[in-house]
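Here is what each chain is made of, one letter per residue.
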Amino acid sequence: GFSQGGALALEAGLASRARIGGIFGLSTFLLGSVPTGAQVVPVHLFHGDADPVVPLAWAEHTRTVLESAGVAASLRVYPGLWHSRCAE
């Protein structure tokens, strides 16, 4: 999911009873905390360091919260990227 859609994907994916392979979040963030009983699913976050809409610090905080809850999370930062996507 991208931006607010990514926040929804994180919440829905972690709380889902359906088995999923992973969650991808682009320029996004976690609202609140990891849902109680969250499934074990890898989360991959991608974020630009020049994003004026969703600051990089929000993605870094999201990764920290996820990892603290036992969720395998990664964050890839793209230098110079705004609140957008890139060709990579």
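No experiment lies behind these values; they were computed from the predicted model shown.

Cut-offs and rules
Residues numbered from 1 in each chain as written. Predicted model: local features only at pLDDT ≥ 70, side-chain atom pairs only at ≥ 80, totals over all residues. Heavy atoms only, no water. Pairing = 2+ DSSP bridges. Helix = DSSP H or I, 4+ residues; strand = E, 2+ residues; numbered from the N terminus. Axes fitted to C-alpha atoms, helices over the stretch in contact; angles between N-to-C directions. Contact = heavy atoms within 4.5 Å.

## With respect to the sheet that holds strand E2 (residues 43-48)
Okay, so step 1: The strand order across the open sheet built from three strands is E1-E2-E3, with neighbouring strands paired in parallel fashion. For this open sheet the edge positions go to strand E1 (23-26) and strand E3 (73-78), each flanked by a neighbour on one side alone. Neighbour-to-neighbour, the strand axes of the sheet open up by a mean angle of 15°, direction not taken into account.
Okay, so step 2: Examined bridge by bridge, E2 and E3 share six bridges and lie parallel to one another. The residue of E3 that forms the bridge with Val-43 is Ala-73.
Okay, so step 3: The strands touched by helix H2 (residues 56-68) within the sheet are E2 and E3, with E3 carrying the most contacts at an inclination of about 165°.

Remember that the coordinates give geometry; whether it matters functionally is a separate question.
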